[in-house]
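Topology and contacts: notes
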Amino acid sequence: MQHRKLDEAFFKNVLSSISNGIIVVNYEQKVLFMNPSAQKLLCEGKEDYIGQNIREFIPNTEMYKVLETGKSIIGVKMEISGKQYMVNRTPLSQDGELIGAIGVIQEISQIEHYRRLIRQMEQIIEFASDGIYVVDHHGDTLFVNSAYEEITGFKREELIGNHMADLMKEGYFDQSVSLLVLEEKKRLSILQKIGGKKDVIVTGNPVLDELGDIQLVVTSVRDITRLTEMTAELKKAKSFSALNQNRFTFSMETSNEEVVFHSSQMNEVIHKVKQVAPFPTSILLSGPSGVGKEVIANLIHEYSDRKDKPFIKINCSAIPEQLLESELFGYEKGAFTGARQEGKIGLLELADQGTVLLDELGELPLSIQVKLLRVLQEKKIQRIGSSQVKQLDIRIISATNKVLKDLVQQGRFREDLYYRLQVVEIAIPPLIERQQDIEILLDHFLSYFSRTYNVHKELSPETRQLLKEYGWPGNVRELKNLVESMIVSVPSLKIEPDDLPPHISMGMSSPASQPLTLKQRVEKFEKKLIIDELKKQPSIRKTAEQLGIDHSTLVKKMKKWKLSSN
């Protein structure tokens, strides 16, 4: 009997010393025993729990299921007093008969907290942009993230569980930074070749335990192919920045110029542009100076699928011949005396994936024509002083005011290059051959420059007629420049024939026009005198004094002729 009491006291002490809560109930779910941990949790340490129903302490208990079925219920999560617990319930039997049940309550809030942190860290590592590779202190692979799979092309199933030395033998990589870190016991970075093809930078970091021994090696992997591309892009951007200040280059941004026309000839030109622009074929724009070849080139680029790519314009006559080759093709550092230390990207290479306009093509030296032909044929480019050849994808638009066939016959232009560049030729007619466009262009540029300079002026009917009859040897460029000149230099709000340059106002009078009456001639002369005096004097009143007329008379005449005091 004494031996049995000793056993009961012993086991009670054992159960009381356990940190987990322990509850024993009989078949009627009456509490027979709670250890101190369970008492503290469920009844605030009070000992008057004996004989009470378990539901008094745990209303949502499922202990009755164990008593009904005689089967254990393991690993059920339960919230008690705002904390998470894991509850295990097992049947209690004596001599093969079910007499009650035992519940064990274990707090898991802290465990769950750390589990969440671990899961979060795993997600951070998994979705990091750099590749992550983890080995244990033996050099066996434990973990590989998605970025590493993407960088290397290897699946984690191929790597996890394998020793780094074995993976090296199988050709996965040429050397292992993890093994070097395990050997030298410090952080190391090396260049590693993956699968004999791709170069990466790997940095191994040792993870130490409390005793300073290496437990893990965590390696970050970065594909330097992208870094090399970014470096090249940065150099390219710097080159564009410098080129934007250079006279023979053109910004990549879309031009604000408009193509204005009314003639059937220009309608055919625009129709052809829309037809051929989507194709990457070479186009030759021909026509006299000033007809708008550059504007048409802008339009071709805008209608092409390369409109968001570089558009480089090169004036072949603006670059000195001795510099043209290096500007077009670029050079490596030290390629020749006076070369930049860092080398230079050529204009053609800068336009990769985009469009190049070769303006004044007829001025291209024969020595450069040979190299340009090779670029067009092979779609490759080689910088001066370099042995490397780079693939090149550019669309060439050429423009000239010369007859290239004549230059070919004279031996000044290569025939094979001519046919390479003249796959599609678009001839832009001079303004004298499309007189329907003169008036609409006049109105367009009058409106444009009036908005630009915030002043409104108009052409008198006589002036408009003279300009329509003028031959415009300088074509659209001459017309545009003349309109701008009249907007800024003519003081009156209406532009008269006398305001035109002499070669237009004197030399282009219409024989069919009616001669002016004496009154009209006097009025015209009077108007000119007033305009000339207004230019000289600081005010209207001073002008009236100099002309010997009343101030109000002058104001009336100015209103009649729409003259400005400025």
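Conventions we followed
Residues numbered from 1 in each chain as written. Predicted model: local features only at pLDDT ≥ 70, side-chain atom pairs only at ≥ 80, totals over all residues. Heavy atoms only, no water. Helix = DSSP H or I, 4+ residues; strand = E, 2+ residues; numbered from the N terminus. Buried < 20%, exposed > 50% of the residue type's maximum accessible area, 1.4 Å probe, protein only. Contact = heavy atoms within 4.5 Å. Areas by Shrake-Rupley, 256 points an atom, 1.4 Å probe, with all protein chains shown as cover. Pairing = 2+ DSSP bridges. Axes fitted to C-alpha atoms, helices over the stretch in contact; angles between N-to-C directions. Core = buried A, V, L, I, M, F, W, Y, C linked by side-chain atoms within 4.5 Å. Arc of directions from axis to C-beta. Polar contact = N/O pair within 3.5 Å; in protein donor to acceptor, adjacent residues only side chain to side chain. Phe/Tyr/Trp six-rings, centres within 6.5 Å; stacked < 30°, edge-to-face > 60°. Salt bridge = Lys/Arg side-chain N within 4 Å of Asp/Glu carboxyl O. Parallel < 35°, antiparallel > 145°, perpendicular 65-115°, else oblique. Left-handed = near helix turned anticlockwise from the far one by under 90°. pLDDT = per-residue confidence, 0-100. Patch = residues over 30% accessible without salt bridge, like charges linked within 9 Å, V, L, I, M, F, W, Y side chains within 5 Å.

Another point: the overall build of the protein chain. Secondary structure summary: the protein chain contains 23 helices and 21 strands in total. Counting the 566 residues in the protein chain, one finds 39% classified as buried. A fraction of 58% describes how many contacts in the protein chain between residues 6 or more apart in sequence connect residues 24 or more apart. A total accessible area of about 32,800 Å² is found for the protein chain, and carbon and sulfur atoms account for 51% of it.

This part covers the sheet that holds strand β8 (residues 188-194). Here we have five strands laid out as an open sheet, ordered β7-β6-β10-β9-β8, and antiparallel in their pairing. The open sheet is flanked by β7 (141-144) and β8, the only strands paired with a single partner. Across the sheet, the mean angle from the axis of one strand to that of its neighbour is 25 degrees, orientation sign disregarded. Relative to β7, strand β6 (residues 131-136) runs antiparallel, the two sharing three bridges. The residue of β7 that forms the bridge with Tyr133 is Val144.

Grouped together as the largest cluster of nonpolar side chains are 32 residues, with contacts concentrated most on Ile314, Leu348, Val356, Leu358, Leu361 and Phe413. At the level of secondary structure, the elements contributing two or more residues to this core comprise β12 (311-315), α12 (321-329), α13 (347-350), β15 (355-359), α14 (366-378), α15 (404-409) and α16 (415-421). Element by element, the count of residues in this core is highest for α14, at five residues. Once residues lying within four places of it in the same chain are set aside, the contact partners of Leu361 are Leu284, Cys316, Ser398, Ala399, Thr400, Leu404, Phe413 and Leu421.

Another point: helix α8 (residues 177-184). Along α8, the residues classified as buried are Val177, Ser178, Val181 and Leu182. Viewed end-on, α8 has its buried residues packed into an arc of 140 degrees, placing them on one side of the element. Looking at the packing, one finds that the buried side of α8 touches β6, α7 (164-169), β8, β9 (198-208) and β10 (214-223). The opening residue of α8, the one whose side-chain oxygen lies 3.3 Å from the backbone nitrogen of Ser178, is Ser176. Lys185 occupies a position one or two residues after α8 and carries a positive phi of about 55 degrees.

The next thing to look at is the side chain of Thr400. Residue placement: Thr400 occurs in strand β18 (residues 395-400). Looking at Thr400, its side chain comes within polar contact range of the main-chain nitrogen of Lys402, at 3.0 Å. If sequence neighbours within four positions are ignored, Thr400 has contacts with Leu284, Leu285, Ser286, Gly287, Lys293, Leu361 and Gly362.

If you walk through the whole model with that rule in mind, you get eight aromatic pairs. Note on Tyr418 and Tyr419: the rings are 5.0 Å apart at their centroids and 65 degrees apart in plane angle, and the pair reads as edge-to-face. Plain terms: the ring middles of Tyr470 and Trp472 are 4.7 Å apart, the flat faces sit at 80 degrees to each other, and that makes the pair edge-to-face. Trp472 matches Tyr470 in its accessibility class, with the two residues each being buried. Joined through ring pairs, the aromatic side chains of Phe445, Tyr448, Phe449 and Tyr453 make up one cluster.

A separate point is the pattern of salt bridges. Applying the stated criterion across every chain, the model contains 25 salt bridges. In this structure, the salt-bridge partner of Glu327 is Lys344, at a minimum N-O distance of 2.9 Å. With Glu327 in helix α12 and Lys344 in strand β14 (residues 344-345), this residue pair connects regions lying 17 residues apart in the sequence. With respect to burial, Glu327 and Lys344 carry one shared label: buried. With a shortest N-O distance of 2.9 Å, Arg383 and Glu349 are connected by a salt bridge. In this pair, Arg383 sits in the loop between β16 (380-381) and β17 (390-391) while Glu349 sits in helix α13, placing the two residues 34 residues apart along the sequence. With a relative accessible area of 7%, Glu349 lands in the buried category. Bridged by salt links that share partners, the residues Glu332, Glu349, Arg383 and Lys390 form one connected network.

Time to look at the packing of helix α17 (residues 436-453) against helix α19 (residues 475-489). Where α17 meets α19, the closest approach of the two axes is 9 Å, and the angle between their N-to-C directions is 45 degrees. Taken together, the axes of α17 and α19 are oblique relative to one another. The interaxial crossing formed by α17 with α19 has right-handed handedness. For the pair α17 and α19, contact is made by Ile438, Leu441, Leu442, Phe445, Leu446, Phe449, Ser450 and Tyr453 and by Val476, Leu479, Lys480, Val483, Glu484, Ile487 and Val488, respectively.

A word on the confidence of the model for the protein chain. Detailed reading of the predicted model is not advised wherever pLDDT is low. Mean pLDDT over the protein chain: 84, with 88% of residues reaching 70 or higher. Ranking the elements of the protein chain by mean pLDDT puts helix α9 (residues 224-243) last with 62 and strand β11 (residues 283-286) first with 96. Note that residues 243-254 has pLDDT below 50 and, in this model, 26 contacts with residues that lie over four places away or in other chains.

Okay, the pairing of β10 next. In terms of strand pairing, β6 meets β10 through six bridges, oriented antiparallel. Its bridge partner lying in β10, Asp136 is registered against Leu216. Connecting the antiparallel pair β9 and β10 is a turn made up of five residues, with Gly212 showing a positive phi of about 85 degrees.

A sheet is described by the order of its strands in space; here five strands give the open sequence β2-β1-β5-β4-β3, paired in antiparallel fashion. Looking at the sheet topology across the chains shown, the edges are occupied by β2 (31-34) and β3 (73-80). Recorded for the sheet is a direction-independent mean angle of 25 degrees between the axes of neighbouring strands. Strand direction decides the pairing type here: β3 and strand β4 (residues 83-94), joined by six bridges, are antiparallel. Bridge assignment links Lys77 to a residue of β4, and that residue is Met86.

Turning our attention to a nonpolar patch on the surface. Together, Phe10, Phe11, Val14 and Ile18 line one region of the surface with nonpolar side chains, adding up to about 370 Å² of accessible area. Along the chain, Ile18 falls in the loop between α1 (2-17) and β1 (21-26). A relative accessible area of 32% places Ile18 in the partly exposed class.

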